[in-house]
Amino acid sequence: EVVKPSAAMGLDNYSLQGNINWRWASPWLAEIYRKDRQRCLDERAEQVEACVTYWQKITGTVPSRVHLFNEPTSGNGEIAGADAEMVRDIVKHAGDRLRTAGVYVSLFLDPDAAQLESAAELGVQAVELHTGAYALASGADQEAELVKLVEAGKRVRESGMALHAGHGLNYHNV
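About the cut-offs
Residues numbered from 1 in each chain as written. Predicted model: local features only at pLDDT ≥ 70, side-chain atom pairs only at ≥ 80, totals over all residues. Heavy atoms only, no water. Helix = DSSP H or I, 4+ residues; strand = E, 2+ residues; numbered from the N terminus. Buried < 20%, exposed > 50% of the residue type's maximum accessible area, 1.4 Å probe, protein only. Contact = heavy atoms within 4.5 Å. Areas by Shrake-Rupley, 256 points an atom, 1.4 Å probe, with all protein chains shown as cover. Right-handed = clockwise from strand over helix to strand, strands pointing away. Pairing = 2+ DSSP bridges. Expected span 1.5 Å × (residues − 1). Core = buried A, V, L, I, M, F, W, Y, C linked by side-chain atoms within 4.5 Å. Arc of directions from axis to C-beta. Lys, Arg positive; Asp, Glu negative; His and termini not counted. Salt bridge = Lys/Arg side-chain N within 4 Å of Asp/Glu carboxyl O. Polar contact = N/O pair within 3.5 Å; in protein donor to acceptor, adjacent residues only side chain to side chain.

Some points on the overall build of the protein
Logical step 1: Helix and strand counts for the protein come out as 7 helices and 5 strands.
Logical step 2: Moving toward the C terminus, one meets the helices and strands of the protein in the order α-β-α-α-β-α-β-α-β-α-α-β.
Logical step 3: Here the protein, with 174 residues, has 43% of them falling under the buried criterion.
Logical step 4: Long-range pairs, those at least 24 residues apart, make up 68% of the contacts in the protein between residues at least 6 apart in sequence.
Logical step 5: For the protein, the accessible surface area stands at approximately 9,600 Å², while carbon and sulfur atoms represent 53% of it.

Structural notes on the pairing of strand β4 (residues 126-130)
Every other side chain in a regular strand lies on the same face of the sheet, so the side chains alternate between the two faces.
Logical step 1: The buried count for β4 comes to 5 of 5 residues, which makes it a mostly enclosed element.
Logical step 2: Burial of the side chains of β4 extends over both faces: Ala126, Glu128 and His130 are buried on one face and Val127 and Leu129 on the other.
Logical step 3: In this region the chain leaves strand β3 (residues 104-109), passes through helix α5 (residues 113-122) and returns to the parallel neighbour β4; the handedness of that crossover is right-handed.
Logical step 4: Both β4 and strand β5 (residues 162-166) contribute to a ladder of 5 bridges, which runs parallel. Among the inter-strand pairings, Val127 is bridged to a residue of β5, identified as Leu163.

Section: helix α3 (residues 37-59)
Logical step 1: Under the 1.5 Å per step criterion, the end-to-end length of α3 is 33 Å for 23 residues, consistent within 8% with the ideal 33 Å.
Logical step 2: When we look at burial in α3, the residues that qualify are Cys40, Leu41, Arg44, Ala45, Val48, Val52, Trp55 and Thr59.
Logical step 3: Positive backbone phi, at 80°, marks Gly60, one or two positions downstream of α3.

With respect to the nonpolar core
Logical step 1: Within the largest apolar cluster, 23 residues are counted, with the highest numbers of intra-cluster contacts made by Leu107, Val124 and Val127.
Logical step 2: Taken together, the elements giving at least two residues each to this core come down to α3, β2 (65-70), α4 (84-100), β3, α5, β4 and α7 (139-158).
Logical step 3: Counting residues in hydrophobic clusters, the runner-up holds 5 residues, among them Ile32, Tyr33, Cys40 and Ile90.

What to know about α7
Logical step 1: With 20 residues, α7 should reach 28 Å at 1.5 Å per residue; the first-to-last C-alpha distance of 29 Å fits that figure.
Logical step 2: Of the residues making up α7, those classed as buried are Gln142, Glu145, Leu149, Ala152, Gly153 and Val156. On an axial view of α7, the arc spanned by its buried residues comes to 105°, and they lie on one face. Projecting away from the buried face of α7 at angles above 90 degrees are the exposed residues Ala140 and Glu158.
Logical step 3: At its buried positions, α7 is contacted by α5, β4, α6 (132-136) and β5.
Logical step 4: Positioned one or two residues after α7, Gly160 has a phi angle of 85°, which is positive.

Observations concerning the side chain of Asp110
Logical step 1: Within the secondary structure layout, Asp110 lies in the loop between β3 and α5.
Logical step 2: For the buried Asp110, no salt bridge is present, and the opposite-charge side chain at shortest range is Lys148, 9.6 Å distant.
Logical step 3: Among the polar contacts made by the side chain of Asp110, one reaches the side chain of His130 at a distance of 3.5 Å.

The quantities given are spatial measurements derived from coordinates; they are silent on function.
Structure (structure tokens):
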């Protein structure tokens, strides 16, 4: 109900943010992935599609963009962690389905070279860099975090993806 009035104001470029919380599901999901990889990929992609379908039902529109990210405040850390292959497979599978439907797909990632390389390999159109470490740091530590963000931003753009950044930024730390 909150979203419907926006259409009356001429807003039609909706973005849907899909929060995929891997922390609670990781042991269970890893077990399914080991036993039946395709079933696991299909089920996670169907969850993302269900979010899009629900959005369409309540707004009457298909989102033009879907932003996939994990719950941990450190960003999408699992993409480079122990279950990196599984996470990459799931994001690729869901992203492929969304792109086939004409939806722009982005990921929320730490300014980490391995994560950014994975994003480029997955074919996502954009990356939002997690700026939390920068936002919480001060002095020389904040300057070092800024250098990481700048380098990561360059890597994202050189890979042909759109660049976004956020989380924890305010008028005191920008």
